[in-house]
Each structure stands twice: as structure tokens, then as C-alpha cells.
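Chain residues, written in single-letter form:
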Amino acid sequence: MELMLVEVRGREIEAVVPLLLLAEPSEPSLRWSLNHMADTVYRTDLNSEPVGAATMRWQGDPAEILELAVATDQQGRGLGRRLVQLLADEARRRGKQQLIVGTANSSIGNIAFYQKCGLRMDHVRHDYFWYERRPLFENGIQKRDLLVFRLDLREEGSRRRR
Ligand SMILES: CC(C)(COP(=O)(O)OP(=O)(O)OC[C@H]1O[C@@H](n2cnc3c(N)ncnc32)[C@H](O)[C@@H]1OP(=O)(O)O)[C@@H](O)C(=O)NCCC(=O)NCCS
């Protein structure tokens, strides 16, 4: 399976917005993130076909995955895990020691996914979603707090070398 990480710039970013909206369904929030937070936007291609996207904040260490998504019809095939691995490889290449990603307390599937990708729970940003205009629920749980997961890239690297 040849999955490539491709940097997307300028007008090309519009083409990956539908994918990124899977990760951040509020378009104003996504646009704010693209304009103010993201340093790099990526598309992932499987055999030259776009199947996923991610946005990264590279400033500082830890580096942070802001949004990450796999196309709905491609989910459940290991592509999300591979995408996280490619971003971790890129973070290592940039000399980063840690990679973090946040997900809502109510996003049970994502909480499972990031742990299966090797990340561990790090901390909780309480009331992170205070700005939501009305209460949002997923899995019958109110979306309130951000759970931050962390991957220690040095540990990962040494485990891989063993
Ligand atoms: C989250 C997401 C990226 C996962 O991508 P994916 O390609 O479906 O995931 P993978 O097939 O690589 O799954 C890797 C592992 O995580 C598990 N996993 C993935 N999604 C899961 C879910 N919703 N519930 C439980 N486990 C899940 C898989 O079962 C697999 O475990 P296994 O190794 O034991 O089989 C994808 O579902 C997605 O794009 N969702 C919408 C956007 C989003 O919510 N992004 C994350 C927040 S920024």
C-alpha cells in the first residue's frame, strides 16, 4: 500500500476542505484554524488518489496535529493509522521530540483510534468547547473538554530501531 504525504498550498487547499470538515465540522472553526493555526496542510494519496488530509502546527515542540481525516469510503482500512505514522515520521525528520493531538471527551471512536496509533493520554483542557453556542452531544455525551494525546517520538524511534 503506497500512501504518500503531499503538502498542499494556496488554492489547492480548497480541494481538501471537504475532507478536513470530517474532522472539524464547523466551517468557520476550520477556516480559523487554517488561517491562524496551521503551518502546513497535507493531503494523503493512495496510489495517486486523494484519500485523506491533515493540518499540522509545526511551531515549537510538541508539534500538533490540528485536523486529521480519512475519506468516509476509505475508513477502516488502516489508512488513518498510516497517516499518523507518516506525520510522526515527518515530525522526527523536523527534529521534534513529541507529537500531540486533541480530541473531544465525547469522541469515543477517536479516543480509541489515537490509542491504537500508539499515543497516550497526556492532559485535559477543561471546558475547551465553552464557545459552542448550544450543547453538542456525541455518543450521548456532552462535548465539553479536550483530551490531549501524546506520542513520544524518541521512545517510538528507539522502539523501532530495536
Ligand atoms: C478517525 C479516523 C481518521 C480513523 O481513520 P481510519 O482509517 O478509519 O482508521 P484505521 O483503519 O487506520 O484504524 C486504526 C485502528 O483504530 C481503530 N479505530 C478507528 N476508528 C475507530 C472507531 N471509531 N472506534 C473504535 N476504533 C476505531 C480501528 O479499528 C483500528 O484498530 P485495529 O488495529 O485494532 O484494527 C477516521 O475515522 C476519520 O477520518 N474520521 C472523521 C474525522 C475525525 O474524526 N478525525 C479525528 C479527529 S481530528
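Look up a bit, the structure's there.
Conventions adopted
Residues numbered from 1 in each chain as written. Predicted model: local features only at pLDDT ≥ 70, side-chain atom pairs only at ≥ 80, totals over all residues. Near = placed C-beta within 6 Å. Helix = DSSP H or I, 4+ residues; strand = E, 2+ residues; numbered from the N terminus. Nonpolar A, V, L, I, M, F, W, Y, C, P; charged D, E, K, R; others polar. Buried ≥ 20, exposed ≤ 12 C-beta atoms within 10 Å, placed from the backbone. Pairing = 2+ DSSP bridges. Contact = placed C-beta atoms within 7 Å. Core = buried A, V, L, I, M, F, W, Y, C linked by C-beta atoms within 7 Å. Axes fitted to C-alpha atoms, helices over the stretch in contact; angles between N-to-C directions.

S.K.: Explain the site of the ligand to me, please; I cannot follow it from the model alone.
M.R.: Of all residues adjacent to the ligand, which total 19 residues, the nearest are Gln75, Gly80, Arg81, Gly109 and Ala112. Of all the elements in the fold, those that place two or more residues in the shell around the ligand are helix H1 (13-23), strand S4 (63-70), helix H3 (79-93) and helix H4 (108-116). Top element by residues in the shell around the ligand is H4. It accounts for five residues. Grouping the constituent residues of the shell around the ligand by class yields eight nonpolar, seven polar and four charged.

S.K.: What's the story with unusual backbone geometry in this structure? I'm lost.
M.R.: Note: most residues except glycine have negative phi, and most peptide bonds are trans. The peptide bond linking Asp61 to Pro62 adopts the cis configuration, its omega dihedral lying at 10°. Along the chain, Pro62 falls in the loop between strand S3 (49-57) and S4. Even without a glycine there, the phi angle at Asn47 is positive, about 50°. Along the chain, the position of Asn47 falls in the loop between strand S2 (40-46) and S3. For Asn47, a count of 9 C-beta atoms within 10 Å gives the class exposed. Although it is not a glycine, Ser48 adopts a positive phi angle of roughly 70°. Residue placement: Ser48 occurs in the loop between S2 and S3. On the basis of neighbour count, Ser48 is assigned to the exposed category, with 8 C-beta atoms found within 10 Å.

S.K.: Help me understand the pairing of strand S9 (residues 146-152), please; the structure alone is not making it clear to me.
M.R.: Two faces make up the sheet, and in a regular strand the side chains alternate between them. Across the two faces of S9 the burial differs, with Leu147, Phe149 and Leu151 buried and Leu146, Val148, Arg150 and Asp152 not buried at all. By the bridge criterion, five bridges tie strand S6 (residues 120-125) to S9 in an arrangement that is antiparallel. Within the sheet, the bridge partner assigned to Arg120 lies in S9 and is Arg150.

S.K.: What's the story with the environment of Thr55 in this structure? I'm lost.
M.R.: On the secondary structure map, Thr55 appears in strand S3. Once residues lying within four places of it in the same chain are set aside, the contact partners of Thr55 are Leu20, Ser33, Leu34, Ala38, Val41, Leu66 and Glu67.

S.K.: I would appreciate a short explanation of the nonpolar core in the present structure.
M.R.: In a soluble, globular protein the nonpolar side chains are often hidden away together inside. Of all hydrophobic cores here, the largest spans 30 residues; its most connected members are Ala54, Met56, Ile65, Leu87 and Leu99. Elements that contribute at least two residues to this core include exactly H1, S2, S3, S4, H3, strand S5 (98-104) and S9. In terms of residues, this core owes the most to one element, S4, which gives six residues. What Met56 contacts, discounting residues up to four positions off in sequence, is Ala38, Asp39, Thr40, Tyr42, Ala63, Ile65, Leu66 and Leu87.

S.K.: Would you take a moment to explain the sheet that holds S3 for this structure?
M.R.: Sheet strands line up and pair through hydrogen bonds in the backbone, either parallel or antiparallel. Spatially, S1-S2-S3-S4-S5-S9-S6 is the arrangement adopted by the seven strands of the open sheet, whose pairing is mixed. Strands with a single pairing partner mark the edges of an open sheet, and in this sheet they are strand S1 (3-8) and S6. Across the sheet, the mean angle from the axis of one strand to that of its neighbour is 30°, orientation sign disregarded. Direction of pairing for S2 relative to S3: antiparallel, over a ladder of seven bridges. When the sheet's bridge partners are listed, Arg43 is paired in S3 with Ala53.

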